[in-house]
Structures are given as C-alpha cells and as structure tokens.
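# Residue-level structural notes
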Amino acid sequence: YRDADEASSYHVAFEAALLLRIVQVPPEQRVNLTEKREAREKVVAQVEKMFKGAIGLAQARQAGLRFYDGLMLQLRSTGPGLWADSWLFEQLPELRGLQAAVLQGQVQQNVPCLNAEVDKMSPAAVVKASRSMNAAYAFQAAELVGIPPLAIPYQAAGFEALARELIALTRAEPTTADPDREIVDGWAEKLGLSRWYVWKTP
C-alpha cells in the first residue's frame, strides 16, 4: 500500500494483523467491549466535582465522557496492539524500519501524559490506568527497536513492574477462542478496570 505517507504500509499491516485475530474467533462468540453506565457516570461525577465553578455542568459532562470513552478505547486497543506489533516484528522483518519510526513517534507523543499538570485536570484512576498502558507500550517499543532510553520516563515514574506484567499478558498462550478478550480482561484486572465495561454480542 502506498500514499503520501510511507508509514501507511506498516499501518495497514498492523490493522490486518488485528483483523486476522478477530476473524479467527467463531462468529457466535464475537463480542464488543461496551460501556458500563455506573462506571461512566462515576467518571463524569468526578470531573464535575474537579471543575465545579470553573466550567458549566454540560461542559464538565462532555469532558467526563471523553475521559471515560478514551480510556475504554485505550484499554480495548493497546493490549491487542502490543501483540500485533510483536507479531509483525517477527513475521515481517522488511517492515522493521517503518515500524521503528512509528513506535518511536508514538512513544514520544505519549510522554507528555506524565506531566504533573495532567493530574490536576484528569480523574486519578483514569490517569493512572492510561499511564500504565502507555508505559507497557513504551517498554515493548524500547525492546523491539533496541532503544532502551525510550522507556526511561516511565521507569523513572515507577511504572516498569506493572508495564512488564501487562506485556507478559499479551504474550501468554491463549486459553480461549478469543485471545484479544483475554488480553483486555487481563489488563483490566491489573489496572483496576474490570468493572468499567461489559462484553456484548454485536
């Protein structure tokens, strides 16, 4: 695949790897990660409390929904994405140059989430879980591209042990027909997010 962005070849391969995992799940067992109202509203309430008097309730609610939805998207995609990155690195060495550039760029893009100012503007549980997932991404990227310093910001912030636990879950041998769901559920347990979502048939 080619367009103005040469890295598109890697992005297409990445999405194809994820798709292969999905279609291997028997159709009758396929499920989607779906919001859980209680968890969503809890995040919204926390944001409303944090910004009380500074912004309107409608704005605070929209911000809370963005925090919740963003975290659920990150939970659903990051673990399986780490599996896809690792698999592509092994299976398609001709894409490693593009892959290295993409991984390094994403790690650098994520680093500002460690800024202390973020803590003042975001619910604590959301920030901690998001940083932990970014840490797992950084540590695996550092390993795949052979650049250990990529993970130093997260190592300094105390995320190494949890990040490596999350990475190990992506590399574990699946025990069910839906390995991505296994990864997501495993990550959610480690991150304290098990009660934040439900799985539903399409």
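For the structure itself, look to the data block above.
Residues numbered from 1 in each chain as written. Predicted model: local features only at pLDDT ≥ 70, side-chain atom pairs only at ≥ 80, totals over all residues. Heavy atoms only, no water.

What follows covers the nonpolar core. Leu71, Leu75, Trp187, Leu191, Leu193, Trp196 and Tyr197 are the most contacted members of the largest nonpolar core, which totals 52 residues. Of all the secondary structure elements, the ones that give two or more residues to this core are α1 (8–23), α2 (37–50), α3 (57–91), α4 (96–110), α6 (124–145), α8 (160–171), α9 (179–191) and β2 (197–200). In terms of residue count, α6 provides more of this core than any other element does, 11 residues in total. Here tryptophan 196 is in contact with Lys36, Ala39, Val43, Tyr68, Leu71, Met72, Ala125 and Val126, once residues within four sequence places are set aside. (Core = buried A, V, L, I, M, F, W, Y, C linked by side-chain atoms within 4.5 Å. Buried < 20%, exposed > 50% of the residue type's maximum accessible area, 1.4 Å probe, protein only. Helix = DSSP H or I, 4+ residues; strand = E, 2+ residues; numbered from the N terminus. Contact = heavy atoms within 4.5 Å.)

On to the pattern of salt bridges, then. Counted by the stated rule, this structure contains 10 salt bridges. Between arginine 21 and aspartate 180 there is a salt bridge whose closest N-O contact spans 2.9 Å. Placement of the pair is arginine 21 in helix α1 and aspartate 180 in helix α9, with a sequence separation of 159 residues. Each member of the pair arginine 21 and aspartate 180 is classed as buried. With a shortest N-O distance of 3.2 Å, glutamate 117 and lysine 120 are connected by a salt bridge. In this pair, glutamate 117 and lysine 120 are both assigned in helix α5 (residues 116–121), 3 residues apart and thus about one turn of the helix distant. The exposure class of glutamate 117 is partly exposed, given its relative accessible area of 42%. A relative accessible area of 58% means that lysine 120 is categorised as exposed. (Salt bridge = Lys/Arg side-chain N within 4 Å of Asp/Glu carboxyl O.)

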